[in-house]
Amino acid sequence: MAKTKRIALAQLSSCWGCDQSLVDIHLRLLDVLPKLEIVYWPAVVDYKLHDLETLPKKSVHIGLVEGSCRTKEDLHLLEVMREKSKILVAWGSCSAYGGIQGLGNQWELKDLLNRKFLEIETITEGRIPDENVPEFLESIRPNPDLVEVDMILPGCPPTSDNTLDALLALLDNKPYDLPDKTVCDQCPLEREEKKIKQFHRTFEGKIDPTKCLLDQGYLCLGFATIGLCGALCPSKGTPCKGCFGPPPSVSDHGAKIISALGAIADMPAEKLREAFPDPIGSFYFIDYASSYLSKIRDKMRKDANR
Ligand code: SF4
Ligand code: SF4
Ligand code: SF4
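Residues numbered from 1 in each chain as written. Chains lettered and ligands numbered in written order. Predicted model: local features only at pLDDT ≥ 70, side-chain atom pairs only at ≥ 80, totals over all residues.

(A) Spatial organisation of the overall build of the protein chain. The secondary structure content of the protein chain amounts to twelve helices and five strands. Along the three orthogonal principal directions, the C-alpha set of the protein chain runs to about 60 × 50 × 35 Å. By residue count, 36% of the 306 residues in the protein chain fall in the buried class. (Helix = DSSP H or I, 4+ residues; strand = E, 2+ residues; numbered from the N terminus. Buried ≥ 20, exposed ≤ 12 C-beta atoms within 10 Å, placed from the backbone.)

(B) Representation of the site of ligand 1. Inspection of the region around ligand 1 gives 13 residues, with Ser14, Gly17, Gly92, Cys94 and Cys156 positioned closest. Among the elements of the structure, α1 (17-23) and α5 (93-97) are those that each provide at least two residues to the shell around ligand 1. Of the residues in the shell around ligand 1, the class split is six nonpolar, six polar and one charged. (Near = placed C-beta within 6 Å. Nonpolar A, V, L, I, M, F, W, Y, C, P; charged D, E, K, R; others polar.)

(C) Examining the environment of glutamine 186 more closely. Mapped onto the elements, glutamine 186 comes out in helix α8 (residues 183-186). The sequence separation of glutamine 186 and cysteine 229 amounts to 43 residues, and the corresponding C-alpha distance is 8.4 Å. The residues contacting glutamine 186, other than those within four sequence positions of it, are Gly227, Gly230 and Ala231. (Contact = placed C-beta atoms within 7 Å.)

(D) Seen up close, the site of ligand 3. In the region of ligand 3, the neighbouring residues are Val183, Thr225, Cys229, Ala231, Leu232, Cys233, Pro234, Cys240, Lys241, Gly242, Cys243 and Phe244. In the shell around ligand 3, the residues fall into nine nonpolar, two polar and one charged.

(E) Region of interest: the sheet that holds strand β3 (residues 60-66). An order of β2-β1-β3-β4-β5 is seen for the five strands of this open sheet, with the pairing classed as parallel. Of all the strands in the sheet, the pair left with one neighbour each is β2 (36-40) and β5 (151-153). Each strand of the sheet is rotated relative to its neighbour by a mean of 30°, with strand direction disregarded. Where strand β4 (residues 85-91) lies against β5, three bridges are found, and the strand directions are parallel. Looking at β5, one finds that tryptophan 91 is bridged to leucine 153. This element, helix α7 (residues 160-171), spans β1 (5-11), β3, β4 and β5 of the sheet and lies at about 155° to β5. (Pairing = 2+ DSSP bridges. Axes fitted to C-alpha atoms, helices over the stretch in contact; angles between N-to-C directions.)

(F) Local environment of α7. Between its first and last C-alpha, α7 extends 16 Å over twelve residues, near the 16 Å set by a 1.5 Å rise per residue. Looking at α7, one finds that the buried residues are Asn162, Thr163, Leu167 and Leu170. The buried residues of α7 all sit within an arc of 125° when viewed along its axis, so they share a single face. If you follow the buried residues of α7, they end up packed against α1, α2 (29-32), β3, β4 and β5. Two residues or fewer past α7, asparagine 173 is found with a positive phi of approximately 60°. (Expected span 1.5 Å × (residues − 1). Arc of directions from axis to C-beta.)

(G) Inspection of helix α9 (residues 253-264) at higher detail. Helix length check: α9, at twelve residues, gives a terminal C-alpha distance of 17 Å against a target of 16 Å (1.5 Å per residue), a fit within 8%. All of the buried residues in α9 are His253, Gly254, Lys256, Ile257 and Leu261. Seen end-on, α9 carries its buried residues on one side only, within an arc spanning 155°. Those residues of α9 that are exposed and aimed more than 90 degrees away from the buried face are Ser259, Gly262 and Ala263. The secondary structure elements touched by the buried residues of α9 are α11 (279-283).

(H) View of the nonpolar core. In this structure, Ala8, Ala10, Val65 and Val89 are the most contacted members of the largest nonpolar core, which totals 63 residues. Here this core spans two domains, and each of domain 1 (5-101 + 135-171) and domain 2 (183-295) adds at least three residues to it. Aside from chain neighbours lying at most four places away, what touches alanine 8 is Val39, Tyr40, Leu52, Val60, Gly63, Met81, Lys84 and Ser85. (Core = buried A, V, L, I, M, F, W, Y, C linked by C-beta atoms within 7 Å. Domains from an automatic or database assignment.)

(I) Representation of the domain arrangement of the protein chain within the structure. Once the domains are mapped, the protein chain shows domain 1 (5-101 + 135-171) and domain 2 (183-295). Look at where the C-alpha atoms of domain 1 and domain 2 centre, and you get two points 29 Å apart. Per element, the largest residue contribution to the side of domain 1 that touches domain 2 is three residues, and it comes from α5. Tallied by class, residues from the side of domain 1 that touches domain 2 come to seven nonpolar, six polar and one charged.

Following this line, the structure appears as structure tokens:
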């Protein structure tokens, strides 16, 4: 029997959906399980951090890290995973780009805590917890900016096939390269590259699910999003929100989206601004933490605290 390879799967601040997508592989897990020795996977087995910390350095062949670092505890776990893993994978869009929680980088930490624990309309006796909680980090940064990672596997979550294909490639010592194609390249709906005279929210009007959604004025971000999901949303008549992030050749997802919209929108700038009252949420839904804007803000924050 071929030698098994050691694998560790760790969760930082996240929804654990990437783990669920892996479990969703169902019977095809049998293709990979005999090749793996799982040494850490607290999502499904009662491992403790100590089990990972006491492993020898680089003794794990493949380390998958889900989620991003919101706390110092997360950061410690990420650093331990780096130390123990030969190949460290930033697994899922939280890990690769910071995730939805990265949108919090638009505000200061104290404002986020106040809003969450004191100001939310349904709170009656608010209190910011300060006992038995890990210390928060000032902002979210993508894991590849915090430790060296060997590859990213984006997606919210990556599809079961994405994770299975990546694992099979890594187990065979083959590279798993991300494609430089977009969701539009995988989409069955035909684009006419029309000029857009008006944008609609998804609940406005009636979507024709046979025609390109962007051509109909719905913000479908397939043109700027890496093609790994098989165009899951537009092929069901729902605009792509960009949850897999940009293709490898694009360094700033939102900037690419804004420049493309500027070219295809046939309307005054003011009308375009009005169409997107929350531009960061619309254009950087999953990857604001990896944007130039967030990095500039982080630098200003650090300079101010010096
Ligand atoms: S990438 Fe998406 S599915 Fe995975 S942990 Fe983050 S929010 Fe959940
Ligand atoms: S519907 Fe979206 S993904 Fe499909 S072709 Fe149009 S813009 Fe691209
Ligand atoms: S179509 Fe877009 S939003 Fe939907 S799963 Fe794919 S990348 Fe994510």
